[in-house]
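One-letter residues, chain by chain:
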2 protein chains.
Amino acid sequence: MELSQRKEKILAAVVEHYIKTGEPVGSKTLLSALDITVSSATIRNEMAELVALGFLEQPHTSAGRIPTNEGYRYYVDRLMGVRPLDESVKRQIEAGVSLKNASPEAILAKASEFLADMTDCAAVSTTPSGENATIKRVEFVPVGTRTGMIVLLTSTGVIKSKVCRSDIDLNSSMIEKFYNIVKSSFLGLPLDEIDTATLQTLVASMGMDALTMIPFVSAVSELAQEAMQTMVMLGGQSNILRYREDYGTTAYELMDFLRRGEPISQLLANSKEDFDVKIGGENKFKQLENSSVIMAHYNIDGDNRGSIGIIGPTRIDYASLIPSVRYLTNLVGELLTQTLNDD
Amino acid sequence: MELSQRKEKILAAVVEHYIKTGEPVGSKTLLSALDITVSSATIRNEMAELVALGFLEQPHTSAGRIPTNEGYRYYVDRLMGVRPLDESVKRQIEAGVSLKNASPEAILAKASEFLADMTDCAAVSTTPSGENATIKRVEFVPVGTRTGMIVLLTSTGVIKSKVCRSDIDLNSSMIEKFYNIVKSSFLGLPLDEIDTATLQTLVASMGMDALTMIPFVSAVSELAQEAMQTMVMLGGQSNILRYREDYGTTAYELMDFLRRGEPISQLLANSKEDFDVKIGGENKFKQLENSSVIMAHYNIDGDNRGSIGIIGPTRIDYASLIPSVRYLTNLVGELLTQTLNDD
DNA sequence: CGTTAGCACTCTTTTCGCCTGAGTGCTAAC
DNA sequence: GTTAGCACTCAGGCGAAAAGAGTGCTAACG
């Protein structure tokens, strides 16, 4: 749907003013914000049409207008000025995510925290998906006479560890056997190919050693499962309280929703675009019906691996936050790729 | 200060009723809750004296009474019935923290979450302090031609890892040298003895190899620093919103305070008792002046290592939550000790 | 026909006063 | 020391009135 240029100007002004103040925008206010030489009555007529078209609405008869979700959508897609990021903001973001030699988890946790602080929104990030990851390395570190710690490193740089308890005292031949099994059966194996079926055939093939090796092998498998799960890192939950009135649901419900993690990761994974904005009910979780989500996906080695996003009220400042989220996400992707491949 | 038995009964009844309802308690209400055969006028007289003594206060002239911090203190110290924990609650707690073969971090994070859910409060826990911990094991895992991952395991079961970048291509003799240095200079060393001075003498003693070994050695040292820091695990922040009106400060300030971590860890570390309750202003953070903290310390191998606590409004249900926190904390201590020493 | 001034109208928000009810403190009697 | 009785205080609720913001409509204008 095409709008006349004047209507577009008015719509954009309403959206921007409402984002800034949170108050319904009236025709007089608009007049002074706009560099159009018409009267407030004309603007009123235009706004009445915009209401009829579904881009604006009135909270009550004698109030100004606020954008509908469609109004925001039109604004984001066609009207919003995508001014390039300020150099100083870029510096700030770069400083915010720079963590040399840290684990992917640490980098993403830091990114969430930083993004939350910068945007005054709640921020989330997901750890790299294990979909195409393989087992890069498995180490066994003895701890006690019957226990040891198994450390697993994946091709995506995720490191997971677990205590493993043997039924009999450890000895060097057992450990050697374990490393042989690792080398022949695990190294290079995609994480998602480790299911109970393959494990069973593996154990069956071990013959005599099966009994002693089971704790080790199953620990590796559990670690692989863990490494495959994407974790959701949450930051700045307290920022939800900043815009309390703007979220339709109670702040409590929203925080509880974020805490769950599972729906969030679904939400973030759902969009395959490089970058996405979900306005209000566009994401189909009713807890988010008055929230917008700005998210971007980061790549490791060119593969879409995970996401970073912020969650705010629908009257979030799209124009300045979208570039920030994108820039930060790209940066994190580069950082992760580099940490991983650097040699 | 000693109170007459009747005053104690009245104080206890006021505290308990106020904790339950959140409403100021009047003399008539008290009459029916108490099994004393006196009139409301007598109770009024007694309450007036309790106000004079500083144990109760009136929000305004024509309202009932609410406990002051001193009132809560007297109640917690002398009046509160310490009924033993229900067997079913014990089972529930045991189920809540049982995580076999998990890292200390994971166990404590789970404990925080669980405690928060159980008590409807915000919960915190600190990871084992590295004070008396030593380096138990250091492993080097090659990742690229010039990079590897260094994994450090402490005597308290904490595992930390870091990417380490060498200036020249890795070869087996370098790795061997590294392991020699580890064996001769790091294994068994208390974490807090690794400062820049000892590092410098170590590097100096390496002579020719110093240059190539510096990245490795400093990575180990950084990991030791990290392992020494206690982390603060936070759970159930959304529960703050449940008692929003009861916290004097805004919910936002409180959440922000919790998020910082540093002050929390100070708060928890400050009390050397086995177990402690801080009521209102007793903890000297002004963000917590209307909050109470119930905390207990867990031991690993008999040493006080870290803490678990909950933060709620001053009108928190001390009588039933204190035993729960203590029981859970002891359990976690046992679990951590066992995970560590089991062999 | 689009634009504009003017005006009555609507609806929210704030304010003010009034009333009610809970609970007290005090006094005088038991 | 305890109790009944009573006047007093104050927060909270209710409703009417006033204020304020902004609209929609009509009629006039170029």
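Residues numbered from 1 in each chain as written. Chains lettered and ligands numbered in written order. Predicted model: local features only at pLDDT ≥ 70, side-chain atom pairs only at ≥ 80, totals over all residues. Heavy atoms only, no water.

## Notes on the sheet that holds strand S8 (residues 275-279) of chain A
Across a sheet, paired strands are connected by hydrogen bonds in the backbone, their directions being either parallel or antiparallel.
Residue and element names in this part refer to chain A.
Next, step 1: What the five strands build is an open sheet, ordered S7-S3-S10-S9-S8; its pairing is antiparallel. Looking at strand neighbours, the two that pair on one side only are strand S7 (232-235) and S8, the edges of this open sheet. Pairs of neighbouring strands in the sheet enclose a mean axial angle of 15°, with direction left out of account.
Next, step 2: Pairing geometry for strand S9 (residues 291-300) and strand S10 (residues 303-313), over ten bridges, is antiparallel. Within the sheet, the bridge partner assigned to Tyr298 lies in S10 and is Gly306.
Next, step 3: Sheet strands touched by helix H6 (residues 104-119): strand S3 (122-126), S7, S9 and S10. Its angle to S7, the strand with the most contacts, is close to 30°. (Pairing = 2+ DSSP bridges. Helix = DSSP H or I, 4+ residues; strand = E, 2+ residues; numbered from the N terminus. Axes fitted to C-alpha atoms, helices over the stretch in contact; angles between N-to-C directions. Contact = heavy atoms within 4.5 Å.)

## Structural notes on the relation of the copies chain A and chain B
Next, step 1: Aligned on chain B, chain A shows an RMSD of 0.2 Å; the corresponding rotation is 179° and the shift along the axis is 0.0 Å. What the superposition gives is, in effect, a two-fold axis relating one chain to the other.
Next, step 2: Most of the interface of chain A is mirrored in chain B, where 100% of its interface residues are also at the interface. (Least-squares fit on C-alpha atoms with pLDDT ≥ 70 in both.)

## Considering the interface of chain A and chain B
Next, step 1: With 38 residues of chain A at the interface, the matching set in chain B holds 38 residues.
Next, step 2: Summed over both partners, the interface of chain A with chain B comes to about 3,500 Å²; 55% of that surface belongs to carbon and sulfur atoms.
Next, step 3: Scanning the region where chain A abuts chain B turns up four salt bridges.
Next, step 4: The salt bridge involving Arg259 of chain A is made with Glu113 of chain B; its shortest N-O contact spans 3.2 Å.
Next, step 5: There are five residue pairs in polar contact (both at pLDDT 80 or more) connecting chain A and chain B. (Buried area = accessible area lost by both parts, 1.4 Å probe. Salt bridge = Lys/Arg side-chain N within 4 Å of Asp/Glu carboxyl O. Polar contact = N/O pair within 3.5 Å; in protein donor to acceptor, adjacent residues only side chain to side chain.)

## Topic: the nonpolar core
Next, step 1: Core analysis: the largest hydrophobic core is formed by 60 residues, its most contacted members being Leu11, Ile294, Ile310, Tyr318, Leu328 and Val332 of chain B.
Next, step 2: When near neighbours in sequence (up to four residues on either side) are disregarded, Val332 of chain B contacts Val97, Ile107, Leu108, Ala111 and Ile308 of chain B.
Next, step 3: The next biggest cluster of nonpolar side chains, apart from the first, holds 59 residues, and it includes Leu30, Val76, Val277 and Tyr327 of chain A. (Core = buried A, V, L, I, M, F, W, Y, C linked by side-chain atoms within 4.5 Å. Buried < 20%, exposed > 50% of the residue type's maximum accessible area, 1.4 Å probe, protein only.)

## Quick look at the protein's contact with DNA strand D
Next, step 1: Near DNA strand D lie 21 residues; those nearest to it are Ser27 of chain A together with Arg6, Thr42, Thr61 and Ser62 of chain B.
Next, step 2: Backbone sugar and phosphate groups make up 75% of those atoms of DNA strand D lying within 4 Å of the protein.
Next, step 3: Between a base nitrogen of DNA strand D and a side-chain N or O atom of Arg44 of chain A, the distance comes to 3.2 Å.
Next, step 4: Arg65 of chain A is positioned with one of its side-chain polar atoms (N or O) 3.1 Å from a phosphate oxygen of DNA strand D.
Next, step 5: Ranked by the residues each element gives to the surface near DNA strand D, the list is headed by helix H3 (residues 40-53) of chain B, at four residues.
Next, step 6: Looking at side-chain class alone, the surface near DNA strand D contains four nonpolar, 13 polar and four charged residues. (Near = heavy atom within 4 Å. Nonpolar A, V, L, I, M, F, W, Y, C, P; charged D, E, K, R; others polar.)

## Overview of the protein's contact with DNA strand C
Next, step 1: Ser39, Thr42, Thr61 and Ser62 of chain A together with Ser27 of chain B are the nearest of the 21 residues found near DNA strand C.
Next, step 2: Each atom of DNA strand C within 4 Å of the protein was assigned to sugar, phosphate or base; sugar and phosphate come to 76%.
Next, step 3: Contacts to DNA strand C include Thr61 of chain A, whose side-chain N or O atom sits 3.4 Å from a sugar or linking oxygen.
Next, step 4: Take Ser27 of chain B: an N or O atom from its side chain is 2.7 Å from a phosphate oxygen of DNA strand C.
Next, step 5: Per-element tally for the surface near DNA strand C: the top contributor is helix H3 (residues 40-53) of chain A, with four residues.

## Some points on the sheet that holds strand S5 (residues 147-154) of chain A
Residues and elements named next belong to chain A.
Next, step 1: The antiparallel open sheet is built from three strands, whose spatial order is S4-S5-S6. The open sheet has two free edges, formed respectively by strand S4 (135-142) and strand S6 (159-165), since each of these has just one partner strand. Recorded for the sheet is a direction-independent mean angle of 20° between the axes of neighbouring strands.
Next, step 2: As paired elements, S4 and S5 share seven bridges and run antiparallel to each other. Note on S5: the bridge partner recorded for Arg137 is Leu153.

## Observations concerning the side chain of Thr68 of chain A
Next, step 1: Looking at where Thr68 of chain A falls in the secondary structure, it is placed in the loop between strand S2 (66-67) and helix H4 (69-79).
Next, step 2: Look past the residues within four positions of Thr68 of chain A in its chain and what remains in contact with it is Gly54, Phe55, Leu56 and Glu57 of chain A.

## Some details on helix H9 (residues 210-228) of chain B
Residues and elements named next belong to chain B.
Next, step 1: Here H9 spans 26 Å end to end across 19 residues, near enough to the 27 Å set by a 1.5 Å rise per residue.
Next, step 2: Buried within H9 we find Ala210, Met213, Pro215, Phe216, Val217, Ala219, Val220, Ser221, Leu223, Ala224 and Ala227.
Next, step 3: Elements that come into contact with the buried residues of H9 comprise strand S4 (135-142), strand S5 (147-154), strand S6 (159-165), helix H7 (172-186) and helix H8 (196-205). (Expected span 1.5 Å × (residues − 1).)

## Some thoughts on the packing of helix H8 (residues 196-205) of chain A against helix H9 (residues 210-228) of chain A
Residues and elements named next belong to chain A.
Next, step 1: Contact pair H8 / H9: the axes reach a minimum separation of 10 Å and the direction vectors enclose 155°. With respect to H9, the element H8 is oriented roughly antiparallel. Handedness of the crossing formed by H8 with H9: right-handed. Here Leu199, Leu202 and Val203 of H8 come into contact with H9, specifically with Ala210, Ile214, Val217 and Ser221.
Next, step 2: The residue inventory of the contact of H8 with H9, partitioned by class, reads six nonpolar, one polar and no charged. (Parallel < 35°, antiparallel > 145°, perpendicular 65-115°, else oblique. Left-handed = near helix turned anticlockwise from the far one by under 90°.)

## What to know about the pattern of salt bridges
Residues and elements named next belong to chain B.
Next, step 1: For the structure on display, the rule yields 47 salt bridges over all chains.
Next, step 2: In this structure, Arg73 and Asp77 form a salt bridge, with 3.1 Å as the shortest nitrogen-oxygen distance. Linking Arg73 with Asp77, this pair stays in helix H4 (residues 69-79), spanning four residues, or about one helical turn.
Next, step 3: Judged by relative accessible area, Arg73 falls into the partly exposed class, the value being 21%.
Next, step 4: Lys177 is paired through a salt bridge with Asp209; the nearest N and O atoms lie 3.2 Å apart. Taken together, the residues span a long stretch of sequence, with Lys177 in helix H7 and Asp209 in the loop between H8 and H9 at a distance of 32 residues.

## Details of the environment of Ala116 of chain B
All names here are of chain B.
Next, step 1: Within the secondary structure layout, Ala116 lies in helix H6 (residues 104-119).
Next, step 2: Judged by relative accessible area, Ala116 falls into the buried class, the value being 0%.
Next, step 3: Residues Ala116 and Ile311, spaced 195 residues apart in sequence, show a C-alpha to C-alpha distance of 9.2 Å.

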